[in-house]
Amino acid sequence: MAHRHDLVVVGMGSGGMVAAEFAAGTLGLQVAVVERGRVGGDCLWTGCVPSKALLASARAAHVMRHADRYGIRPVEPDIDSSMVWKRIRTVQQEIASTDDDPARFSAMGIDVVRGDCRVTGPHSVAVTGADGSRDLEARFILLCTGSRPAIPAIGGLEQAGFLTSESVFELDRAPGSITMIGGGPVAVEMAQAFARLGVRTTVLQKGPRILPRDEPELVEVLTRRLIDDGVDLRLNVETESVAVTAQGKVVAGVENGTASSWTSEQLLVATGRRPNVEGLGLEEVGVDLGPRGVEVDRRMRTNVSSIYAAGDVAGRFLFTHSAGYEAVRAVRDMFFPGKGTVTDFVPWCTFTDPELAHAGAARPRALGPGAGRQRQRRIRRHRDSQEVEGGRRPHPCSRRRGDDPRAGAGDRPAARAERRGRLRPRLPDGVHVHRPAGSRGRLRRRQALPLAGAQGAPPALSPPDASRHHLCGRRA
Ligand SMILES: Cc1cc2nc3c(=O)[nH]c(=O)nc-3n(C[C@H](O)[C@H](O)[C@H](O)COP(=O)(O)OP(=O)(O)OC[C@H]3O[C@@H](n4cnc5c(N)ncnc54)[C@H](O)[C@@H]3O)c2cc1C
């Protein structure tokens, strides 16, 4: 039997949960959600939450080792990594039983359907679950199916076995040594965490520096810190093959033109993401797909006007805060056409120590043609506590200094920048950097606010936070 809803949301991760709560809770719509795995998605189970929990434990170990910076005798921490991994699971369970509890969504009147979802038409989906199959019909469909790790074609890798962000938090304890293949945010955060927990850690990065999308000068600061933490950072590495020997897993490759190899107990592959589009039936329904995922316009709408996509599956920005932002914009656009266009100006942060936040174009882009009258100014380094080192680089930008999206800033820590309002004036409507003290519930309420305000409902949050979205850096 077919069911009629206003909206069917496919995938209950960061984007899906925020969209469903906004549609049902704020707009009072009839909403069904479909989830084939665990409600909470990547952020709760394999992304932000466990990685930040791991980083928090690693930071505690680091502070103990360097307690003399605070006038306290330092000690070498006695680390039982099984307790660290246990703590990760406890933190996840706490969120799974509160904010991300499916019962919370059911209580809002949302029809929570478990199973694998396939789009069967512009207004219909079929769900196959343990309890059989079910068809759902809706005015609109929102795809929030996320992404998964992309695995590079390296000879011997599959046979050797490796970890990804999907399996590393499932371990019982840390390995004795680990080699990370990749030098993006996932590898870099994990490298610092593992190194600080006493794991011999090597990072193999293809290019000349880690975090290629971030401001080079700030990346340099972080690079030095990682090396101080004990990370063996190898740049300009072409990995060629993996083999298992009695000593461990051996990655063979070329580093700066010279043949090299790296041996460790475990490997972690973090070389990018692939959108979850397979099996959704999108080709049959005629939804356009591109190299980054489902093709969407500035309203997050696909070429089939009743089908929208948001979050990682749409491949714009792969963050929790952007998934939630895009999903709410998509719902707004469905029911208030034209009210849901998205900005391309989305800040992000790598939650290492020091944190590396990014808003706007990195310097090479900001300096590109048409940048107008350019001005560079160095800002003092923050040295207000011994624990951090960093800098802020206002980018050269045009005369429209205050509101040009190309004006960028890398800052440490993100929360401080936000508190002092440093980034806020630079950002166009809708975006600022913030470390949420609260939960995704708070995020959802914030995102719902502009529309609630438009309808005359009293604002639930302080005005400076209205119409903003946030970096997800739930410190666990
Ligand atoms: C290690 C790591 C650390 C990260 N740290 C941060 C961070 O600190 N800050 C930040 O902002 N971002 C971070 N991210 C990124 C963030 O986790 C993702 O960008 C975000 O979760 C994407 O949300 P989403 O809604 O698009 O997808 P997801 O949250 O992945 O949700 C997709 C959901 O769809 C379901 N699904 C898929 N296909 C189907 C189907 N056919 N039928 C039914 N259900 C389906 C999946 O089971 C899943 O639950 C991190 C990622 C990783 C890997």
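Just above, that's the structure.
S.K.: Summarise the overall build of the protein chain; cite the residues concerned and give the values.
M.R.: Helix and strand counts for the protein chain stand at 13 helices and 21 strands. For the protein chain, the residues scored as buried account for 50% of the 476 residues in total. Residue pairs at least 24 apart in sequence account for 66% of intrachain contacts in the protein chain once pairs closer than 6 positions are excluded.

S.K.: Could you give me a rundown of the nonpolar core, with the residues and numbers involved?
M.R.: Core analysis: the largest hydrophobic core is formed by 113 residues, its most contacted members being Leu7, Ala19, Leu142, Leu143 and Ala310. No other element matches helix H7 (residues 185-196), which puts 8 residues into this core. Looking at which domains feed residues into this core, each of domain 1 (5-149 + 274-347) and domain 2 (158-271) supplies at least three.

S.K.: Which residues make up the sheet that holds strand S11 (residues 237-245), and what values go with them?
M.R.: If you walk across this open sheet you meet the 3 strands as S11-S12-S13, and the pairing is antiparallel. Of all the strands in the sheet, the pair left with one neighbour each is S11 and strand S13 (258-264). The mean angle between the axes of side-by-side strands here comes to 20°, regardless of whether they run parallel or antiparallel. Bridging between S11 and strand S12 (residues 248-255) involves 8 bridges; their strand directions are antiparallel. Within S12, the position partnered with Val244 by the bridge is Lys249.

S.K.: Summarise unusual backbone geometry; cite the residues concerned and give the values.
M.R.: Along the chain, Asp353 connects to Pro354 via a cis peptide bond; the corresponding omega equals 5°. Along the chain, Pro354 turns up in the loop between strand S19 (348-350) and strand S20 (356-359). Its identity is not glycine, yet Asn236 carries a phi of approximately 55°, on the positive side. Position of Asn236 among the secondary structure elements: in the loop between strand S10 (232-234) and S11. Positive phi, close to 50°, is recorded for Asn256, a residue that is not glycine. Mapping Asn256 onto the fold places it in the loop between S12 and S13.

S.K.: Which residues make up the site of the ligand, and what values go with them?
M.R.: Around the ligand lies a shell of 41 residues, among which Gly11, Gly13, Gly41, Gly146 and Gly311 are the nearest. Of all the secondary structure elements, the ones that give two or more residues to the shell around the ligand are helix H1 (14-26), strand S2 (31-35), helix H2 (41-45), helix H3 (48-65), strand S4 (116-121) and helix H10 (320-335).

S.K.: Please provide a residue-by-residue account of the sheet that holds strand S9 (residues 200-204), values included.
M.R.: Spatial strand order, S10-S9-S8-S14: 4 strands in an open sheet with parallel pairing. The sheet terminates laterally at S10 and strand S14 (266-269), the two strands that pair on one side only. The sheet shows a mean angle of 15° between the axes of neighbouring strands, direction not considered. Judged from the 3 bridges that link them, S9 and S10 form a sheet pairing that is parallel. Paired with Thr202 across the bridge in S10 is Asp232.

S.K.: Got a sec to walk through the packing of H3 against helix H4 (residues 81-96)? Specific residues and values, please.
M.R.: Running from N to C, H3 and H4 point in directions that differ by 135°, and their axes come no closer than 9 Å. Here H3 lies oblique to H4, going by the angle between them. Crossing geometry of H3 relative to H4 is assigned as right-handed. Where H3 abuts H4, its residues Val49, Pro50, Ala53, Leu54 and Ser57 lie against Val84, Arg87, Ile88, Val91, Gln92 and Ile95.

S.K.: Please provide a residue-by-residue account of the pairing of S4, values included.
M.R.: Where S4 and strand S5 (residues 124-129) come together, 5 bridges link them in antiparallel fashion. Its bridge partner lying in S5, Arg118 is registered against Ala126. As consecutive antiparallel partners, S4 and S5 are separated by 2 residues.

S.K.: Mind laying out H3, listing which residues take part and the relevant values?
M.R.: The terminal C-alpha atoms of H3 lie 25 Å apart, and with 18 residues this matches the ideal 26 Å at 1.5 Å per residue to within 8%. Buried within H3 we find Cys48, Val49, Pro50, Ser51, Lys52, Ala53, Leu54, Leu55, Ser57, Ala58 and His62. Elements in contact with the buried residues of H3: H2, H4, H7 and H10.

S.K.: Residue-level account of the pairing of strand S6 (residues 132-143), with values.
M.R.: Sheet topology note: the strand S1 (residues 4-10)/S6 ladder contains 6 bridges and is parallel. From the neighbouring strand, Val10 faces S6, where its bridge partner is Leu143. Between the end of S5 and the start of S6, which pair antiparallel, lie 2 residues. Here S6 pairs with strand S18 (residues 307-309) via 3 bridges, running parallel. Bridge pairing in S18 links Ile141 to Ile307.

The rules behind these values
- Each chain has its residues counted from 1, running along the sequence as written.
- In keeping with the model being predicted, local features are shown solely for residues with a pLDDT of at least 70 and side-chain atom pairs are shown and tallied solely at 80 or more, while totals for entire chains, interfaces and linings include all residues.
- Think of it this way: any DSSP run of H or I at least four residues long counts as a helix, any run of E at least two long counts as a strand, and we number them from the N terminus.
- Counts of 20 or more other C-beta atoms within 10 Å of a residue's own C-beta define buried residues, counts of 12 or fewer define exposed ones, and intermediate counts define partly exposed ones; C-beta atoms are placed from the backbone.
- Distance between backbone-placed C-beta atoms decides contact: two residues are in contact if it is within 7 Å.
- By convention in this section, buried Ala, Val, Leu, Ile, Met, Phe, Trp, Tyr and Cys residues joined through C-beta atoms within 7 Å make up a nonpolar core.
- Source of the domain bounds: an automatic or database domain assignment.
- Should DSSP find at least two bridges between two strands, the strands are taken to pair.
- An axis is simply a line fitted to the C-alpha atoms; with a helix, the fit covers only the stretch in contact. Between two such axes, the angle follows the N-to-C directions and lies from 0 to 180 degrees.
- Each residue gets a C-beta atom placed from its backbone. Should that atom fall within 6 Å of a molecule or strand, the residue is termed near it.
- Any angle from 65 to 115 degrees is called roughly perpendicular, while one under 35 is roughly parallel, one over 145 is roughly antiparallel, and all others are oblique.
- Throughout, a crossing is termed right-handed when the near helix is turned clockwise from the far one, and left-handed when it is turned anticlockwise from it by less than a right angle.
- Expected helix span is computed as 1.5 Å times (number of residues minus one).

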